[in-house]
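Spelled out from the first residue to the last, the chains are:
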Amino acid sequence: MCGIVGLYLKNRALESQLGALFEPMLIAMTDRGPDSAGFAIYGDEVADGSIKLTLRHADENYDWAALAEKAQSELNAGVEWFKNSKVAVFKLQTSAAIAEAFVKATAPEVLILSAGQSIEILKEVGLPENIADTFNLKEMKGSHIIGHTRMATESAVTMEGSHPFSTGMDLCLVHNGSLSNHNRLREELKREGIVFETENDSEVAAGYLTWRLQQGDSLNEALTNSLKDLDGFFTFTIGTRDGFAVLRDPIACKPAVMAETDDYVAMASEYQALTTLPGIENARIWEPEPATIYVWERSSH
Amino acid sequence: MKTINLTEQSVRDLNQALHDQAIECTEREWEVLEPKGQHNIACGLDQNISVDIKGPTGYYCAGMNKKAHVTIHGNAGQGVAENMMSGTVRVKGDASQAAGATAHGGLLVIEGNAAARCGISMKGVDIVVKGNVGHMSCFMGQAGALVVCGDAGDALGDSLYETHIYVKGEVKSLGADCIQKEMREEHIEELTELLNRAGVDEDPTAFKRYGSARQLYNFKVDNTSAY
């Protein structure tokens with residue numbers, strides 16, 4: 001099963017309410033995915049030349065301050081950070097490669113959930129409502145957000161196996177469905193240099209898109225290619241630094257509904273998750289067509 | 001008229017109240033407010049009552065319907081009127097996939113578009129869609145009629161038995177064993193009646209008829225090598 005939801009703001013005046021608008025959407029999909037939940041939020045960008053990492057440690061009392069201090073002295077780079085439950089967001093004035101290598105070498109027990117200029121990923125095992133509470137989702141600000149409530153099928157119920165998955169800069173993906181060719185594809189992508197953290201099929205889809213984008217594809221081209229190379233059932237919602245995309249496989253067994261107003265574009269597995277959005281009564285509501293790519297992108301970068 | 005607001009009462013309360021009407025009918029007209037996309041609204045009805053649902057519904061709305069007349073003033077989720085036996089279900093908006101799946105009788109009218117697999121394995125229901133239908137519509141359709149005033153998606157009528165299909169617009173592709181057939185006088189009559197019952201103003205002579213080539217009814221020994 002699984003539930004997926006996404007909200008992309010067209011009206012920037014609503015950015016301060018992104019978390020508050022999104023929280024009921026995520027919680028509405030509890031029936032479809034009660035075992036874990038997560039979301040990727042975009043906003044609070046760091047400048048070019050800097051990098052933002054979302055880091056996680058199993059111990060809520062982990063000494064993030066010590067790690068930050070070490071980063072500052074060893075990398076000789078400015079570091080800002082804040083903690084949210086078991087997760088910390090680090091903003092470092094250095095490149096992604098240097099920052100990630102530092103974390104892996106200095107604190108191998110720390111998991112990197114995302115890297116980019118805009119993205120932050122927060123996910124845990126448990127009921128969506130509890131996870132939204134844990135991270136104080138309703139107070140969060142940003143330009144777009146995608147989320148997932150999981151009912152595990154292809155791999156174990158763990159924090160690592162919960163969505164969203166990010167395998168490239170500012171890119172993340174949530175998936176409802178199951179892929180049948182993920183093992184072979186994972187091996188092929190590993191040879192191309194894509195790194196995977198789990199045995200999860202959805203992570204392979206994220207890795208595939210990262211690889212295509214590295215090859216120079218636009219988001220649209222990468223998604224077009226995925227229709228050819230991914231075998232299985234899927235409804236995807238994808239977030240990038242500036243954009244938001246939705247794609248269903250050609251058979252389109254997995255549900256999806258979309259709504260658009262002058263203020264936002266919203267996507268959900270079921271209409272139930274859209275009912276709390278402002279102006280939904282007069283929104284344009286439609287079911288995305290099979291094998292059809294829907295993309296919204298900001299042109300500010 | 002009895003009004004039930006689904007933000008105040010549960011779907012289970014609503015359905016129980018509607019099921020009670022099967023034993024003794026005390027109220028013919030029902031109105032359901034604020035459905036908010038909930039699943040299983042007005043399922044399993046078995047009485048000549050009318051139910052107006054004022055907003056979008058979730059999965060299986062009016063499933064297993066018998067005798068009742070259900071109108072959805074909004075979009076319907078998956079499997080609207082699935083396994084309907086008799087009565088009428090009308091969707092004022094669009095319907096998601098598998099509308100009227102396996103339904104045995106009655107009339108399903110969709111005033112907007114229907115998504116994939118509309119009328120899958122239909123067994124006697126009549127379905128009239130004012131807009132388009134998605135891919136694999138009428139898959140394994142056994143009896144009844146599917147009328148599409150717009151276009152049909154890929155693989156229309158795949159593995160079809162005896163459902164009559166009428167399409168006014170374009171058919172993207174026909175499924176296995178589904179062919180275009182001659183529109184004879186009796187078919188014009190059947191289609192005229194279906195359009196009248198659905199309250200849809202279309203010219204029956206503008207439609208094309210599709211049906212089963214009847215080549216998949218029995219296993220053919222010549223096909224053994226295909227397995």
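Residues numbered from 1 in each chain as written. Chains lettered and ligands numbered in written order. Predicted model: local features only at pLDDT ≥ 70, side-chain atom pairs only at ≥ 80, totals over all residues. Heavy atoms only, no water.

An unreviewed UniProt entry lists chain B under the name Protein glxC, from Amphritea pacifica.

As annotated in an unreviewed UniProt entry, chain A is Glutamine amidotransferase family protein from Amphritea pacifica.

### Quick look at the overall build of chain A
Of the regular secondary structure elements, chain A holds seven helices and 16 strands. Computed over its C-alpha atoms, the radius of gyration of chain A comes to 18 Å, within 12% of the 19 Å expected for a compact globule of 301 residues. Summarising its shape, the C-alpha atoms of chain A cover approximately 55 × 40 × 35 Å along the three principal directions. Counting the 301 residues in chain A, one finds 60% classified as buried. (Helix = DSSP H or I, 4+ residues; strand = E, 2+ residues; numbered from the N terminus. Rg over C-alpha atoms; globule rule 2.2 N^0.38 Å. Buried < 20%, exposed > 50% of the residue type's maximum accessible area, 1.4 Å probe, protein only.)

### Points about the interface of chain B and chain A
Taken together, the contact between chain B and chain A spans 14 residues of the former and 14 residues of the latter. Of all residues in chain B, K36, Y59 and H135 of chain B bury the most surface against chain A, accounting for 34% of the area lost on that side. Run the count over chain B and chain A and you get zero salt bridges. At the boundary of chain B and chain A, one finds eight residue pairs in polar contact (both at pLDDT 80 or more). In terms of residue class, the side of chain B that touches chain A is made up of three nonpolar, eight polar and three charged. (Contact = heavy atoms within 4.5 Å. Buried area = accessible area lost by both parts, 1.4 Å probe. Salt bridge = Lys/Arg side-chain N within 4 Å of Asp/Glu carboxyl O. Polar contact = N/O pair within 3.5 Å; in protein donor to acceptor, adjacent residues only side chain to side chain. Nonpolar A, V, L, I, M, F, W, Y, C, P; charged D, E, K, R; others polar.)

### Some remarks on the sheet that holds strand β2 (residues 36-42) of chain A
Strand pairs in the sheet, formed through backbone hydrogen bonds, run parallel or antiparallel to each other. Residue and element names in this part refer to chain A. Taken together, seven strands build an open sheet; the order of strands is β7-β2-β8-β1-β14-β13-β15 and the sheet is antiparallel. Sheet topology places β7 (119-125) and β15 (284-286) at the edges, where each strand pairs with a single neighbour. With strand direction ignored, the average angle separating the axes of adjacent strands in the sheet is 10°. As defined by bridge partners, β2 adjoins strand β8 (residues 144-150) across seven bridges and the pair is classed as antiparallel. Bridge pairing links I41 to I145 in β8. Sitting on the sheet, helix α1 (residues 18-28) is in contact with β1 (3-9), β2, β8 and β14 (264-268), with an inclination near 160° to β1. (Pairing = 2+ DSSP bridges. Axes fitted to C-alpha atoms, helices over the stretch in contact; angles between N-to-C directions.)

### Focus: helix α3 (residues 96-106) of chain A
Residue and element names in this part refer to chain A. Along α3, the residues classified as buried are A96, A99, F102 and V103. All buried residues of α3 project into a common sector of 135° when viewed along the axis, lining one side. Exposed positions of α3 whose direction lies more than 90 degrees from the buried face are A97 and A105. Where α3 is buried, its residues meet β3 (51-56), α2 (64-75), β5 (87-92) and β6 (111-116). (Arc of directions from axis to C-beta.)

### Let's talk about the pattern of salt bridges
Residue and element names in this part refer to chain B. This model, assessed by the stated rule, comprises 24 salt bridges over all chains. In this structure, the salt-bridge partner of E202 is K168, at a minimum N-O distance of 2.8 Å. Of the two residues, E202 sits in the loop between α2 (185-198) and β11 (208-212) while K168 sits in the loop between β9 (164-167) and β10 (178-181), which places them 34 residues apart along the sequence.

### A look at the environment of L14 of chain B
Residues and elements named next belong to chain B. As for its position among the elements, L14 is in helix α1 (residues 11-23). Considering only alpha carbons, one finds L14 and M1, 13 residues apart in sequence, at a separation of 14 Å. With residues up to four places along the chain from it excluded, the contact list for L14 reads I4, L6, V32, I41 and A42.

### Here we look at the UniProt feature "domain: Glutamine amidotransferase type-2" (unreviewed entry) in chain A
Summarizing the sequence annotation, UniProt attributes the feature "domain: Glutamine amidotransferase type-2" (unreviewed entry) to residues 2-299 of chain A in the numbering used throughout. Strand forms 32% of residues 2-299 of chain A and helix 26%; the C-alpha atoms that close the span are 32 Å apart. (UniProt positions renumbered as here; feature names shortened; annotations may be inferred.)

### Structural notes on the pairing of β11 of chain B
All names here are of chain B. Most of β11 sits out of view: four of its five residues are buried. In this structure, β9 lies alongside β11, joined through three bridges in antiparallel fashion. Paired with Y166 across the two strands is R209, which belongs to β11. Sheet topology note: the β10/β11 ladder contains four bridges and is antiparallel.

### Section: unusual backbone geometry
Backbone torsion omega between H163 of chain A and P164 of chain A reads -5°, so that peptide bond is classified as cis. For P164 of chain A, the location among the structural elements is in the loop between β8 and β9 (165-168). With a phi angle near 60°, N40 of chain B is a residue other than glycine that sits in the positive phi range. Along the chain, N40 of chain B falls in the loop between β2 (29-33) and β3 (50-54). Positive phi, close to 65°, is recorded for C138 of chain B, a residue that is not glycine. Tracing the sequence through the fold places C138 of chain B in the loop between β7 (123-129) and β8 (143-148). Since its relative accessible area comes to 0%, C138 of chain B is described here as buried.

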